[in-house]
Amino acid sequence: YAVVYGVLGRHIDAHQRSWAMGLTAAAGSFGQFLMVPVSSLLIAHLGWQHALWTLAGAALLIIPLSRGLHDEPQQAQALAANKHHAPDEPSTWSVLTEAFAHRDYLLLTAGYFVCGFQVAFIGVHLPSYLKDHQLPPEVATTALALLGLFNVLGTYASGSLGQRMRKTWILSAIYALRSVTIIIFVLQPFTPLSVGLFAAVMGALWLSTVPPTNAIVAQMLGIRHLSMLGGIVFLSHQVGSFLGVWLGGRLYDSTGSYDLVWWLAVALGLVAAALNLPINEHRTPARQAVQPLSERA
């Protein structure tokens, strides 16, 4: 996301940026969903070794497709000319210093930590949790597929809504709805239907945080260093992902149950919802990074 969104931010008008990020995230989510049945078919018909070689070959398609991320010659010249005529352009270190002094950027980063914690914990430990409640393995498989499928719809919807509503409100609503969904799930009797409904709702909220989060970073801090600044926010997400997976297993080993981690995920979701509410997505630092090419006169 950090690399691709950096390119999008530089070439997409601000009034379409959130939508474009939502569309891109939805495409990635669909690929993630599609690879589950495709991988299963490849393993069934070719064996796991040849399935891995096939997937490796498919991954090589990134190389020719990445040419779409290059600047057009005239755009590259415009960027170079802008840099040449802007001797006071801030250095990378000064941009980082301003970003880490930016209260709203730090709040956004902290909220994204929670996103990583929740989705990684659920994605890794949900099958074991369902097994503990005597549900057959196909229920867990279906749930993971539903997470991926509804993730496509959720990411596109959040990106589109970001063009019409305050993105911070969208993020607060997503985190709050995650907590409510988890509460209802753990308090209801466990049936294939209840698991399917949980997976569908949670899937719609799964990576729907990605488009508004990155659009806010671009809006607050500009797009010149969007890949770097968005990558730092995503690093927080990945630290949360690590803790969600590790702590889930650690507490399960200690208590023999996932209940404590579920309630921790609920509490963190409410905290993230509260952290995103006061964010002023229009607040910029003292020095604003360069505008996207399409927004220049």
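The rules behind the values
Residues numbered from 1 in each chain as written. Predicted model: local features only at pLDDT ≥ 70, side-chain atom pairs only at ≥ 80, totals over all residues. Heavy atoms only, no water. Core = buried A, V, L, I, M, F, W, Y, C linked by side-chain atoms within 4.5 Å. Buried < 20%, exposed > 50% of the residue type's maximum accessible area, 1.4 Å probe, protein only. Helix = DSSP H or I, 4+ residues; strand = E, 2+ residues; numbered from the N terminus. 1 Å grid on protein atoms, 1.4 Å probe; cavity = no way out; pocket = protein on both sides within 12 Å on 5 of 7 lines; lining within 4 Å. Points joined across faces, edges and corners; volume = space filled by probe spheres on them. Nonpolar A, V, L, I, M, F, W, Y, C, P; charged D, E, K, R; others polar. Axes fitted to C-alpha atoms, helices over the stretch in contact; angles between N-to-C directions. Parallel < 35°, antiparallel > 145°, perpendicular 65-115°, else oblique. Left-handed = near helix turned anticlockwise from the far one by under 90°. Contact = heavy atoms within 4.5 Å. Polar contact = N/O pair within 3.5 Å; in protein donor to acceptor, adjacent residues only side chain to side chain. pLDDT = per-residue confidence, 0-100. Expected span 1.5 Å × (residues − 1). Phe/Tyr/Trp six-rings, centres within 6.5 Å; stacked < 30°, edge-to-face > 60°.

Trainee: Would you mind going over the nonpolar core with me for this structure?
Mentor: The nonpolar side chains of a soluble globular protein tend to be buried, and buried together. Within the largest apolar cluster, 58 residues are counted, with the highest numbers of intra-cluster contacts made by Ile122, Leu126, Tyr129, Leu130, Phe185 and Trp262. Element by element, the count of residues in this core is highest for helix α6 (residues 103-132), at 13 residues.

Trainee: Got a minute to help me understand the layout of surface pockets in this structure?
Mentor: Take a probe with the size of a water molecule and roll it over the atoms, and the empty space left behind shows itself. Of the voids in this model, the largest pocket is the one considered here, and its volume is about 520 Å³. Around the largest pocket, the lining is made up of 15 residues, and of these Val4, Thr24, Gly28, Ile62 and Leu65 lie nearest the centre. Elements represented by at least two residues in the lining of the largest pocket include exactly α2 (14-59) and α3 (62-65). Looking at the lining of the largest pocket element by element, the count peaks at 7 residues for α2. Looking at the lining of the largest pocket residue by residue, the classes come out as 8 nonpolar, 7 polar and no charged.

Trainee: Please clarify how the packing of α6 against helix α7 (residues 137-161) should be interpreted in this entry.
Mentor: The description of two packed helices rests on the angle between their axes and on the distance between the axes. Two elements in contact, α6 and α7, have axes whose closest approach is 9 Å; the angle formed by their N-to-C orientations is 155°. Taken together, the axes of α6 and α7 lie roughly antiparallel to each other. Remark: the crossing between α6 and α7 carries right-handed chirality. Mapping the contact onto sequence places Ile122, Gly123, Leu126, Pro127 and Leu130 in α6 and Val139, Ala140, Ala143, Leu144 and Leu147 in α7. Of the residues contributing to the contact of α6 with α7, the split by class is 9 nonpolar, 1 polar and no charged.

Trainee: Would you mind showing me how to read the side chain of glutamate 281 here?
Mentor: Take glutamate 281: it is sitting in the segment after α12 (259-276). A polar contact of 2.9 Å, which involves the side chain of glutamate 281, links it to the backbone nitrogen of lysine 167. Contact partners of glutamate 281, with chain neighbours within four places excluded, come to Arg166, Lys167, Thr168, Ile216, Gln219 and Met220.

Trainee: Quick question: what am I supposed to make of the confidence of the model for the protein here?
Mentor: Keep in mind that low pLDDT regions are not for reading the predicted coordinates in detail. For the protein, mean pLDDT is 85; residues scoring 70 or higher make up 88% of the total. Within the model, the stretch residues 288-297 combines pLDDT values under 50 with 32 contacts to residues more than four positions away or in other chains.

Trainee: Help me understand empty space enclosed by the protein, please; the structure alone is not making it clear to me.
Mentor: A complete count under the given rule lists 2 cavities of 30 Å³ or more for this structure. Approximately 40 Å³ is the volume found for the second largest cavity. In terms of lining residues, the second largest cavity is bounded by Tyr1, Ala2, Tyr112, Val210, Asn214, Gly230 and Phe234. Broken down by secondary-structure element, the contributors of at least two residues to the lining of the second largest cavity are α10 (210-221) and α11 (226-255). In the lining of the second largest cavity, the residues fall into 5 nonpolar, 2 polar and no charged.

Trainee: Please clarify how unusual backbone geometry should be interpreted in this entry.
Mentor: A positive phi angle, near 65°, is found at glutamine 134, a position not held by glycine. Relative accessible area serves as the criterion here: at 67%, glutamine 134 is assigned to the exposed category.

Trainee: What am I meant to see in the environment of threonine 209 here?
Mentor: Mapped onto the fold, threonine 209 is located in the loop between α9 (192-204) and α10. By relative accessible area, which is 0% here, threonine 209 ends up buried. It is 9.7 Å that separates the C-alpha atoms of threonine 209 and glycine 111, two residues lying 98 residues apart in sequence. The contact partners of threonine 209, leaving out residues within four places of it in the chain, are Tyr112, Cys115, Leu171, Ile174, Tyr175 and Arg178.

Trainee: Sorry if this is basic, but what is going on with α12 here?
Mentor: Because each turn of an α-helix spans 3.6 residues, side chains separated by three or four positions end up pointing in the same direction. Taking 1.5 Å as the rise per residue, α12 with 18 residues should run 26 Å; its terminal C-alpha atoms sit 26 Å apart, in good agreement. Of all the positions in α12, only Val261, Trp262, Ala265, Val266, Leu268, Gly269, Ala272, Ala273 and Asn276 are classed as buried. In this structure, the buried side of α12 is in contact with α6, α8 (167-187), α9 and α11.

Trainee: Just checking my understanding: could you explain the packing of helix α1 (residues 2-11) against α11 for this structure?
Mentor: Following both chains from N to C, one finds α1 and α11 inclined at 140°, their axes separated by 8 Å at the closest point. Of the possible angle classes, the one that applies to α1 and α11 is oblique. Between α1 and α11 lies a crossing whose hand is right-handed. Across the interface between the two elements, Ala2, Val3, Tyr5, Gly6 and Gly9 from α1 touch Leu226, Ser227 and Gly231 from α11. Its residues assigned to classes, the contact of α1 with α11 shows 4 nonpolar, 4 polar and no charged.

Trainee: What exactly am I supposed to notice about helix α5 (residues 92-100) here?
Mentor: Taken as a whole, α5 has its buried residues at Ser94, Val95, Leu96, Glu98 and Ala99. Check the buried side of α5 and you find it contacts α6, α10 and α11.

Trainee: Is there a simple way to explain the packing of aromatic side chains in this structure?
Mentor: Each aromatic ring pair is described using two quantities: the centre-to-centre distance and the angle formed by the ring planes. Within this structure, the stated rule accounts for 13 aromatic pairs. Centre to centre, the rings of phenylalanine 100 and tyrosine 105 are 6.2 Å apart; their planes meet at 85°, and the pair counts as edge-to-face. Exposure remark for phenylalanine 100: the relative accessible area of 43% places this residue in the partly exposed category. For tyrosine 105, a relative accessible area of 0% puts it in the buried group. On the numbers, 6.1 Å between centres and 55° between planes, the contact of tyrosine 129 with phenylalanine 185 is tilted. One end of the pair, tyrosine 129, is in helix α6; the other, phenylalanine 185, is in helix α8, with 56 residues separating them in the sequence. Considered together, tyrosine 129 and phenylalanine 185 belong to a single accessibility category, that of buried residues. Taken together through their ring pairs, the aromatic side chains of Phe121, Tyr129, Phe185, Phe190, Phe198, Tyr252, Tyr258 and Trp262 make up a single cluster.

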